[in-house]
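This is what each chain is made of:
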Amino acid sequence: MLASGRDCRKDFIINTTSNFFGLQSSDPSLSSLNSCRELNSFLDDGNEFLLSVQQTTSHLVMSNKIDSDVDKNKILVFFKLRPVVITEQNLHHNILVSSMLDSPVSTLYQAVRQVFAPVLLKDEKWSRNFDPKLQNLLSELENGLGSVIRRSDPTYSGQNLRNEDDTFGILTPSDEFQFWAELSQASSKSTQRERATYFYSLFQSIAKDYDSLDSLSLVDVLDLIDTTRDRVDDIWKQTEYDPYPELRMQHLLDIIGAALGRIVQKKLGSIDQWEDSFHTVKENLRVGISVCEQWVDVCDHLTGQLWRRYTPHQWHNDKYYPEGLDGLAKRLEEILMIRTVHEKLVRLLPKDNKQALSPSRVFEPFSALNALHYNPYTQPLWKAAVLQFDRTIAPAEQKIVSKLKACFLDVQGNPQQLLQAFQKYKELIKRPSISKELVSERETLLARLLDYAKGIRTDFDNRSHGVPGEKSGPLAGRNLPEVVNNIVWVRQLTLKVDDATKIAGSLLKDLPAHQAFEKFAGELQEQLVTYEQDQFDDWCREVQSGLSDPKSGMSLQASSRVMELDHMDGKLKIQYSDRVISLLREVRQLTELGFSIPAKIHQASKTAEKFYKQALILKQVAHFYNTIDEQMIPSQKPMMLNYALAFEQIIKSKESGGTVQITWDNPKELDAYIQKLQNATERLSTENRKLRKWHTDFNEKVVALMSVDLLRHQQRWKDGLQELRAVLANLEAQGFRPSDMKAWKQHWNHQLYKALEHQYQMGLEALNENLPEINIDLSFKQGRLQFRPPFEEVRAKYFRELKRFISIPNQFRGVSEQGEETIFSIMIDRNASGFITIFKKAEDLFRRLSTVLEKFKEWVVIGQVDIDILIEKHLHTVEDWERNFKALKAKGKESERLPSTERVDCITINCNPVKAVIDDLFQRLFDALLVSLKKSIQANMQDIDTFVSQAMEELSSRPQTVDEIGLANSKHAELQIKKPEILPLFQEAEDKNRLLRSVAGGGLETISTLKAKWDKLELMMESHQLMIKEQIEVMKANVESRIKVYEQELEKFKARWDQLKPNDDVIETGDEETLQKCIETIKEKRVIFDELESTRKKLIEDCHHFDLEEPDFSLADEIGKDIQDLSVMWSFYEEFQNGFTEKTKEDWIIFRSKYYIFEEFLLMWHERLRKQEEQTIMTVKLQKKIDQYKLVVPVLKYVRGENLSSDHWLDLFRLLGLPRGTTLEKLLFGDLLRVSDAIIAKAAELKVCFLLLINTFQ
């Protein structure tokens, strides 16, 4: 509740009601609503959901329900979303407001169609979450409500329509189409269903386009308008059913215009009329204007002219004028005018002044409104914006006047160009300020237009009395009757006058002379219209006179006979003249031009049109009957006789003895007779066409055979004859008698004779060339040229083909049957005079064939020699190779001109095999030349490289001794002698390599490297003596440093030798492995010392050579003596140990039978040790070892064990203490020597065992 005590809930309800019914707030009927019981119940009672407000004559009535007997007064409805009491807080969230017009069904239908269906079915957000089943139900509800609306009485009664003039619920063209579709199913009367079905079938050609109108382009809409005009015209003019109601047709034209206006606004709304490019806007606006104007013209033409003159169903009301669509067209023209004026101003203004006409500034008045919205409410705003635009461009208009004057001045002498210039700038010239400045130019144009109109009048006066098509008559159109042609011509002149009048009216109306021009043009138009009407009146009088005269042929009597047979010339004549046909065309074309045809003429035309189809058929039959004899081929007439007699019998039966005379007013009998005639005509015509077609096919085949070479293409002749015979056999199978076909066969035998003799004579004249082509190859094999196949075989084949051709006529029988006498065999005797020439040409042919071999002999001579030997023998210098390469290149080009084929009359010699051989021979020669050239270069380079490499090797080593210096000097002298001999090889190799690069594309790259080596050699030779001198000085300086290095190395060796040489303790206590290492150590040190000794000798020699004092090398002598003594002593041990080790590696199984060798070895070394003059600790050690092994030798015989078993051996191994796992197979002599102490210790036991075993085996 507000502070003032007013109820805001009631204020909301009352204010909404006031606005809806258009009442002032002070209206008394509103004040009484505050205390209304129904209002209080709706607001304060949660169970009351609805409040309706209805306006009566004097007051407003509220109710909590909607009466079922409501009239056409509109109702405002408030209803709740939830069962609650209305408060200030939930007022705007819980109350929905709706209105009801016409009826509840109509209101619900419009709400579903316009509001809920688009949101729930097309909006992506809502349709995604809306159950598809509910979507289908909603669509079905919309369609069902629409059907009810279209078929129900608009007075809420719900009864079916009884008056088709009621268009309640028909809001779009699709509604109208659907109305007739539903009526075709729902009407109780069959005639109404058929009528509705017929209308719907006519509408179907455009229904789909109007259902998807939004998807069409405006250009497509123009085509749709043409189709729509034809459909509504067909529906209006139909006479098969009751006519289409005039008021309903007017409503249909109105809703079509509204739909076209909406689509134009929608399509043009997608572009910015003021910001987009002028070209885009202009093209779209022009199409939009065309759509609007075309529909306005359609309505004007149909309701103002065509239907108003159509007597069977005349338009009675005023012509229908789609005012809204015409207003939209004018608004679009204004937009186009504004954009055009701006565009042309910008083009004419200088660059400095164009900124003042920027689109953002000039079109700013239009930015606040949508120019496409045309209605009375937007007109004041539009006019104000246009006025502001005019004021903005006014300065610019004054600046372009001079340019326009100059433009018109340039073309003033040419009326046509002047008119084009005015049309080009007509939008600017219409501007008042510019129009005033161009008065003189406009007066000039008016004078030119007056001359133009006078010229039209003169032309009309000169031609109006002539015959169309002649020089002095009206211009003639194609396929137009004279009266129609004259009317079309005069209407074209009228349009020219109209165009001139329109231009004058839009640009020159304010000029004083305009009235005189307008008067003259009006008189001329009146004269043209009078001429047009006179032409039509004359035609009417002529036709009506002809209709009154039975002999004119223009009048068609329904009771007259349809045809007559003239017994004088035997021609069949149809009682339906050509003048009647031209009359039908004239009536139809004049009706299309808008003329009202007199009833008598119209009735005659209707009668003639009724029988037009039958008359055309009968005329065709009569023409066929009258010309059938001409259409038949003479030789085929016997074959067509039966069909012709049957057809003639049908014609004459109705003329002579028929009981029923065929007349136009007996359609049933006429149709039956026409059908019978058509069948007979078709049968005869078909058979004749079939035979003529076969005759034409025969003709084409025989003509084709005349150009088919009889010698080369005999199979094509056979195929052609076979095709002809197959056709004849097929015709006999179809029932044609052979006797009837005899003349036709004889005809084609004569034609075939002509074709055969023509080709036979042609073949004889040039038989050598035209015999079947004989292909042979010319090849080179086994060192000679030869044909393949051989020459004799080719000759035999040629004469066989010759004989076969001459005897062709004897086997030829044309299309005659087997056994029938033919006319072809005499052809040989008639052409025998040409045979002698044939055989003379044959001999000449084989003579020329032999000469082909001579042409290629010189080219294959290379294949008869050994190329490599020839090159090796004759090619030595660069000039030799160069001369041969040039000759080979020239011959290669010359060989390309050799023919690939040689033709000697009918014999074709394929020369490609021999050409391939020639190319191969040339390639082989080229490759051989390249290889030999490369080998020659490589040989030269090898000689040079060998010399250079050896010389550089010899000169690159720096001599370190005097001998080396002498040797280096002698070698240097030898190189100086050899150098002049090697140098010419360089030049020869470079020349050859240059030739190789030119012929092979690349040479040997190593020659440059060799050249660098040669330069390096020369440098080394020049600096050789200097190097020798330098080396001598260096060697002198290096001797002392080398001596110091040597002494240092010797001292180091002395220290290491004293430390590492083996002493006596090692000999006494060392095992064999230690002693062996000592031997290796002594050998290594001996090698090192020998190197030091070599260095000492070299140093001593250098000192003597360079006159230097020999240094003291006594330490070296001392070390050498010590190493020598130890080497002798240890070599003695090494020799013994090597022999001893060799024996220990022997297998005991093998060695036990010859262990005496070991004993001899011990005795030999014992003897050597005894003979030593000086005993050393090493000899003492060896003597002890020999003595030890001498003790074990006698006992070895007890362990030979030839007779011991495996178990005995195992016992023996345990007895001697050999390692576990020892076997006899792996037992070595060394293994027994390692347990020699055990063998000696257990000698007695071994002896006893040995003796026991001997006794056992004995």
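Where an unreviewed UniProt entry is consulted, the chain appears under the name Cytoplasmic dynein 2 heavy chain 1, with the organism given as Erpetoichthys calabaricus.

Enquirer: Please clarify how the confidence of the model for the chain should be interpreted in this entry.
Expert: Detailed reading of the predicted coordinates is not advisable wherever pLDDT falls low. Scored by pLDDT, the chain comes out at a mean of 76, with 80% of its residues at no less than 70. Considering only residues more than four positions removed or in separate chains, one finds that residues 153-162, a stretch of pLDDT under 50, has 19 contacts. In this model residues 655-660 is a low-confidence stretch, pLDDT under 50, and it forms nine contacts with partners more than four residues away in sequence or in other chains.

Enquirer: Just checking my understanding: could you explain the pairing of strand S2 (residues 60-63) for this structure?
Expert: Both strand S1 (residues 50-55) and S2 contribute to a ladder of four bridges, which runs antiparallel. Among the inter-strand pairings, Val 53 is bridged to a residue of S2, identified as Met 62.

Enquirer: How should the nonpolar core be read in this particular structure?
Expert: Considering soluble globular proteins, one finds that nonpolar side chains tend to be buried as a cluster. The biggest cluster of nonpolar side chains holds 107 residues, and the ones touching the most others in it are Met 249 and Leu 332. Look past the residues within four positions of Met 249 in its chain and what remains in contact with it is Val 232, Ile 235, Trp 236, Tyr 244, Trp 307 and Trp 315. Listed in part, the 92 residues of the second largest apolar core include Phe 812, Leu 849, Val 852 and Leu 875.

Enquirer: Would you take a moment to explain the packing of aromatic side chains for this structure?
Expert: Aromatic ring pairs are described here by two measures, namely the spacing of the ring centres and the angle between the planes. Counted according to the given criterion, the structure contains 21 aromatic pairs. Look at Phe 363 and Phe 389: their rings are 6.2 Å apart centre to centre, the planes differ by 15°, and that puts the pair in the stacked class. Of the two residues, Phe 363 is situated in the loop between helix H14 (359-362) and helix H15 (379-410) and Phe 389 in helix H15; the sequence distance between them amounts to 26 residues. With relative accessibility at 3%, the residue Phe 363 sits in the buried group. Among the aromatic residues, those joined into a cluster by ring pairs are Phe 177, Phe 179, Trp 180, Tyr 198, Phe 199, Phe 203, Tyr 210, Tyr 241 and Tyr 244. Positioned above the aromatic ring of Phe 42, the side-chain terminus of Lys 80 is 5.2 Å from the ring centre. A cation sits over an aromatic face here: Lys 693 above Trp 694, 5.3 Å from the ring centre.

Enquirer: Explanation requested: helix H27 (residues 714-733) in the structure shown.
Expert: Owing to its 3.6 residues per turn, the α-helix aligns residues three or four sequence positions apart on the same side. End to end, H27 covers 29 Å across 20 residues, agreeing with the expected 28 Å (1.5 Å per residue, within 8%). Along H27, the residues classified as buried are Gln 714, Trp 717, Gly 720, Leu 721, Leu 724, Val 727, Leu 728 and Leu 731. For H27, the buried positions fall inside an angular range of 155° around the axis, keeping them on one side. For H27, the exposed residues lying more than 90 degrees away from the buried face are Lys 718 and Ala 733. Backbone geometry just after H27 places Gly 735 at a positive phi near 115°.

Enquirer: Would you mind going over the packing of helix H8 (residues 173-186) against helix H11 (residues 246-269) with me for this structure?
Expert: Two quantities define a packed helix pair, namely the angle between the axes and the distance from one axis to the other. Look at H8 against H11: their axes get within 8 Å of each other, and the N-to-C directions meet at 140°. Between H8 and H11, the angle falls in the class oblique. Residues Pro 173, Glu 176, Phe 179 and Trp 180 of H8 lie in contact with H11, whose contacting residues are Arg 248, Leu 252, Ile 255, Ile 256 and Ala 259. Looking at the contact of H8 with H11 residue by residue, the class counts come to seven nonpolar, no polar and two charged.

Enquirer: Sorry, what's going on with the packing of helix H30 (residues 791-806) against helix H33 (residues 835-857) here?
Expert: H33 packs onto H30 with a crossing angle of 160° between their chain directions and a minimal axis gap of 12 Å. In terms of orientation, H30 lies roughly antiparallel with respect to H33. Judged by the twist between their axes, the crossing of H30 over H33 is right-handed. Residues Phe 791, Val 794, Arg 795, Tyr 798, Phe 799, Leu 802 and Ile 806 of H30 pack against Phe 835, Ile 838, Phe 839, Ala 842, Glu 843, Leu 845, Phe 846, Leu 849 and Ser 850 of H33. In terms of residue class, the contact of H30 with H33 is made up of 13 nonpolar, one polar and two charged.

Enquirer: Would you explain the environment of Lys 841 in this entry?
Expert: By the element assignment, Lys 841 lies in helix H33. Residue classification places Lys 841 among the partly exposed positions, given a relative accessible area of 33%. Each C-alpha atom of the pair Lys 841 and Asp 905 lies 9.5 Å from the other, and the pair is 64 residues apart in sequence.

Enquirer: Is there a simple way to think about the sheet that holds strand S10 (residues 907-910) in this case?
Expert: Strand pairs in the sheet, formed through backbone hydrogen bonds, run parallel or antiparallel to each other. What the four strands build is an open sheet, ordered S8-S7-S10-S9; its pairing is mixed. Two strands close off the open sheet at either side, each with one partner strand: strand S8 (784-788) and strand S9 (901-904). On average, adjacent strands in this sheet sit at an angle of 25° to one another, irrespective of strand direction. Here strand S7 (residues 774-781) pairs with S10 via four bridges, running parallel. Counterpart to Asp 777 in the pairing with S10 is Asn 910. Contacts between H30 and the sheet are confined to S7, S8 and S10, with S7 contributing the most and set at about 175° to the helix.

Cut-offs applied
Residues numbered from 1 in each chain as written. Predicted model: local features only at pLDDT ≥ 70, side-chain atom pairs only at ≥ 80, totals over all residues. Heavy atoms only, no water. pLDDT = per-residue confidence, 0-100. Contact = heavy atoms within 4.5 Å. Pairing = 2+ DSSP bridges. Helix = DSSP H or I, 4+ residues; strand = E, 2+ residues; numbered from the N terminus. Core = buried A, V, L, I, M, F, W, Y, C linked by side-chain atoms within 4.5 Å. Buried < 20%, exposed > 50% of the residue type's maximum accessible area, 1.4 Å probe, protein only. Phe/Tyr/Trp six-rings, centres within 6.5 Å; stacked < 30°, edge-to-face > 60°. Lys NZ or Arg CZ within 6 Å of the ring centre and 35° of its normal. Expected span 1.5 Å × (residues − 1). Arc of directions from axis to C-beta. Axes fitted to C-alpha atoms, helices over the stretch in contact; angles between N-to-C directions. Parallel < 35°, antiparallel > 145°, perpendicular 65-115°, else oblique. Nonpolar A, V, L, I, M, F, W, Y, C, P; charged D, E, K, R; others polar. Left-handed = near helix turned anticlockwise from the far one by under 90°.

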